Structure formats: structure tokens, C-alpha cells
Number of protein chains: 2
Amino acid sequence: MAKNVRAESDTSTEEKIKKAAHVVFKRKGFAATRTRDIADEAGFNLALLNYYFRSKEKLFDIVMKESIQQFLKGIAGILNNTALSLTEKVSLVAENYTDMLSANPDLPLFILSEIKANPEKLALDLNFKEIIMRSHLFEQIQEATGKTINPIHFIINIISLTVFPFVASPLLRVIGDLNPQDFNSLVEDRKKLIPVWIETMLKAH
Amino acid sequence: MAKNVRAESDTSTEEKIKKAAHVVFKRKGFAATRTRDIADEAGFNLALLNYYFRSKEKLFDIVMKESIQQFLKGIAGILNNTALSLTEKVSLVAENYTDMLSANPDLPLFILSEIKANPEKLALDLNFKEIIMRSHLFEQIQEATGKTINPIHFIINIISLTVFPFVASPLLRVIGDLNPQDFNSLVEDRKKLIPVWIETMLKAH
DNA sequence: TGACGATTTAATCATTTGATTAAAATAGTT
DNA sequence: AACTATTTTAATCAAATGATTAAATCGTCA
């Protein structure tokens, strides 16, 4: 009964607070966000945060876990789809990541900063290593380069070329004198460029 | 007279506090560092921080300014050295940056995070835009690609491939199962790889 | 309706934290 | 040694902040 009432409101207050927490934590990071910021963003009283989530840290852990899942969502499927060529995989990753990051531009810097601040919180979560190091893409890279080079370099290159512009966007705005519109078409262009670049890089080995 | 005494101790207390501030701010970021952390790291009483630097924020501004200078130091010279070929420039940038970041691994994530948190603090400082957009390297990229593509892409690529591993190192340690030793030789390898990659990427246009 | 549980709020607490102050220690000068 | 200015410390303040509590409100069902 109590559960029922609670379940019905899952789409309202509790969810709204979590949503607000996502926004504020990603915008300002754990240390710089005040629980009052989240309450204000959600439009509720401060005490509700503790009522629903016990503490700032517990709420943060939930946001972090969901953010990491968001960061990986859809990637594992691409990496291990044996029907796709190497370049097709890279295209799909570049496109999916660019779209996802365009919708969530704060996500990568948030994850990288908070993992650095608290590396142990990543360990308990998903097994990144297995997903990537045993992936079909990994084998394809080995094949393409004739094992002359550690495939991890190309994993890094794909991620770097795709994700870094979002991590560095405040800097790029200044360096490149880009307004948000320009930045948008820049990363849009890179969807098609990155697969070409990666392919030519692979051929160099 | 007063100035003299002060000047002599510039290499002791005041400098030690600033040094400690560099360490702690870069390790934890502005919001997460306590002034007491800095005092402890320096081995002095908390009040000395305010005695020498007035406030946490003033001290931070100094650290930030010096960090940005460190981040740019030596680069402008390379970018505009007309005696160097494009690939030579890329090699020098990759080498210098890798060495500098190996010695200061916290630097890039610190700068990117804090600039995102406080974009206006960058504006008053050096004129990034001019340094890069009017550089000799910029012209060389235009020449190499026959103006078929915005050179900013290659500026981004060079920085991405060089800097991103350091920004993502906590993640890479988990994904790639790299210990610090492995990470070291990985970025060391990339010093030579990145110029080759950039060259082949340019030829693709 | 009214009673009960769930939800929400206002008020308050205890701790943390940036900053200040007054006094102590130190060093240099005469 | 005595005086002075500088440096350093211990103690304390005031504001911010995460958390709690008690009361008010709301919704549901008998």
C-alpha cells in the first residue's frame, strides 16, 4: 500500500529530484554543488533530498552510476557486432557518441573529473576492460595493423578524437572563436571525418 | 627595508604556500580543496595563507594563471618557427607536451574543469586565439590540405591525441589495465606515433 | 467525514570552512 | 640588550552547508 503510493509518484517528486541532481552535479561537480542547489533546481524543499535519498553522497552515487551507464550505453553492442566492418564500427561509434554528447555536453568532463577524485567508485561498477579488450573491434584492429602496434592506441584515438572536443569545449570556444552554433557543426563534421582519419591511420602500420 | 626582508623570504614561506596550493588545487580542484589542506601540505598555519594571499580565491587565481602559462609555455615558439616543417612542428609539440604532462599529469583536467566552472577567468588572460589562428602551423595545415577542410580540426586532433590520454588516465588505467609504468611507456610511444598519424590524416585530404 | 499514512515544508542543529584577531616568536638594527 | 618590524601561531568568528525534526498538508479509504 505504502509501496503503491510510492510507486505512483516515482515519476514525480523523487524522479524530479534525481533529474535535477543529474543537471546540477554534471554542471558543477560533486564538491561545488550544494544540496540546496539541487532542491532549488527541482523546485522542492531541501529536506526532500534527504527524505528520498538519505544523503548527498547516496544521491551522487546514483547519478554517477547512471551517468556511466549512459556513457557506455549502445557502445558494447557496436563493438561486438561481427557483421560490421572496422570502419562501420568507427562510424557508428563516432555518430552515436557525438549525438549523445551533443545532448549531454557536460557528461564526459563530469565523469573524468569525478573518477579522478574518487577512482575506487568505478571499480565496483561495470567491467569496462572485458567489454573493450575482448571486443570484436579489438580483433579487427589487430588484424588491420598486423599486430605491429598495441590496439589500445586506436581505442584511445577513436575516443580522443570524438570525446575531447566536448571536454575542451570551453577552451575551444576561446581558441577557435566558436559560438555554440559553430561548435555544433564542427562536431557534426567530425562524425564523417573521424572514420576516414582512423582508417588512414590504420593503413600507416 | 621591509621589502628586503620580504624579498629574501620569497623563496621560503610564501613560495612554499604557493607551491602547496598548486599541488592541492590541481589534485582536488577549487571547490574540493580546503584552505586547511593547503596549509597542511605547506606545513604552516592556516592564517599564513590569508596573510600572504588575502583569500583562497586570490591564491587560486595566481595558481590558475601560472598553470595556463605552463600549459602554453614553449608552444607559441614552436607554432611560429618558420624553419620547421609541419611534421617537425607536430613532433616537437607532441614531445614537449608529453614530457610536460608526464611531469604534471593533473594539469590538463584541472585547467579544463576550472575553465568550465569559470569561463570568464580565461578571457582576461593571454590571447590564445591569436597565437594559434595566426600561427605558421595554421598556414601549413591549410597548404597541406589545399583548404579543403577547416584547419581547426587538425589543431584539435593534435591536442586530442596528445592530451586526452592524460585527461582520461584514471579511466584508461581501468579499461586498459595499465599500471603507471605501462601508462608511461604508452604515452612515450605516442610521441613518435602522433606525428605519423597526423601526417597520414593530412594526406587523406 | 475523519482517520491514517505518505508527502512536503519551515525551522533548527551541528559541523565545516574561509577569514580575522590578538598575541607570541623571530630576525634585524642600533 | 632594547627596540622595531616581520613572520607565525593559537584561538575565535561568522557564514555556509549537510542533515534532522516536528509540524503541516495531501490523498486515500472505511
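Residues numbered from 1 in each chain as written. Chains lettered and ligands numbered in written order. Predicted model: local features only at pLDDT ≥ 70, side-chain atom pairs only at ≥ 80, totals over all residues. Heavy atoms only, no water.

A. How the structure looks around the side chain of Thr13 of chain B. Its location among the elements puts Thr13 of chain B in helix α2 (residues 13-32). When near neighbours in sequence (up to four residues on either side) are disregarded, Thr13 of chain B contacts Phe44, Leu48 and Tyr52 of chain B. (Helix = DSSP H or I, 4+ residues; strand = E, 2+ residues; numbered from the N terminus. Contact = heavy atoms within 4.5 Å.)

B. The arrangement of empty space enclosed by the protein in detail. Evaluation of the coordinates by the stated rule reveals 3 cavities of 30 Å³ or more. Reported here for the largest cavity is a volume of approximately 290 Å³. Forming the boundary of the largest cavity are 21 residues, of which Ile75, Val93, Tyr97, Ile132 and Ile159 of chain B lie nearest the centre. For the lining of the largest cavity, a count of residues per class yields 19 nonpolar, 1 polar and 1 charged. Looking at the second largest cavity, its volume works out to about 70 Å³. What lines the second largest cavity is simply Phe71, Pro108, Leu112, Ile156, Ile159 and Val163 of chain A together with Phe164, Ala168, Leu171, Leu172 and Ile175 of chain B. Sorting the residues of the lining of the second largest cavity by element identifies α8 (107-117) and α12 (152-167) of chain A together with α13 (169-175) of chain B as the ones contributing at least two each. The residue makeup of the lining of the second largest cavity, split by class, is 11 nonpolar, no polar and no charged. (1 Å grid on protein atoms, 1.4 Å probe; cavity = no way out; pocket = protein on both sides within 12 Å on 5 of 7 lines; lining within 4 Å. Points joined across faces, edges and corners; volume = space filled by probe spheres on them. Nonpolar A, V, L, I, M, F, W, Y, C, P; charged D, E, K, R; others polar.)

C. Structural context of the relation of the copies chain A and chain B. For the pair chain A and chain B, the superposition axis carries a translation of 0.0 Å, the fit reaches an RMSD of 0.0 Å, and the rotation angle comes to 180°. A rotation of that kind, with that shift, is consistent with a two-fold axis. Both copies contact each other with a shared surface, as 100% of the interface residues of chain A are interface residues in chain B too. (Least-squares fit on C-alpha atoms with pLDDT ≥ 70 in both.)

D. Region of the structure containing the layout of surface pockets. Here the largest pocket is characterised by a volume of approximately 890 Å³. Secondary-structure elements contributing two or more residues to the lining of the largest pocket are α2 (13-32), α5 (56-72) and α8 of chain A together with α2, α5 (56-72) and α8 (107-117) of chain B. Class assignment for the residues of the lining of the largest pocket results in 16 nonpolar, 6 polar and 14 charged. Looking at the second largest pocket, its volume works out to about 330 Å³. For the second largest pocket, the lining is made up of 21 residues, of which Ile75, Leu79, Tyr97, Ile132 and Ile159 of chain A are closest to its centre. Of all the elements in the fold, those that place two or more residues in the lining of the second largest pocket are α5, α6 (75-79), α7 (86-103), α10 (128-133) and α12 of chain A together with α13 of chain B. It is α12 of chain A that contributes the most residues to the lining of the second largest pocket, 5 residues altogether. Grouping the amino acids of the lining of the second largest pocket by side-chain chemistry returns 19 nonpolar, 1 polar and 1 charged.

E. Here's a closer look at the domain arrangement of chain A. Residue and element names in this part refer to chain A. Taken domain by domain, chain A consists of domain 1 (2-62) and domain 2 (73-203). The straight-line distance from the C-alpha centre of domain 1 to that of domain 2 is 30 Å. Contact with domain 1, which involves 8 residues of that partner, is made by 5 residues of domain 2. Summed over both partners, the interface of domain 1 with domain 2 comes to about 570 Å²; 61% of that surface belongs to carbon and sulfur atoms. Inspection of the domain 1/domain 2 interface yields 2 salt bridges. With a closest N to O distance of 3.5 Å, Lys121 and Glu57 form a salt bridge. Taken together, domain 1 and domain 2 are joined by 2 residue pairs in polar contact (both at pLDDT 80 or more). Breaking the side of domain 1 that touches domain 2 down by element, the ones donating at least two residues are α2 and α5. In terms of residue count, the dominant contributor to the side of domain 1 that touches domain 2 is α2 (5 residues). (Domains from an automatic or database assignment. Buried area = accessible area lost by both parts, 1.4 Å probe. Salt bridge = Lys/Arg side-chain N within 4 Å of Asp/Glu carboxyl O. Polar contact = N/O pair within 3.5 Å; in protein donor to acceptor, adjacent residues only side chain to side chain.)

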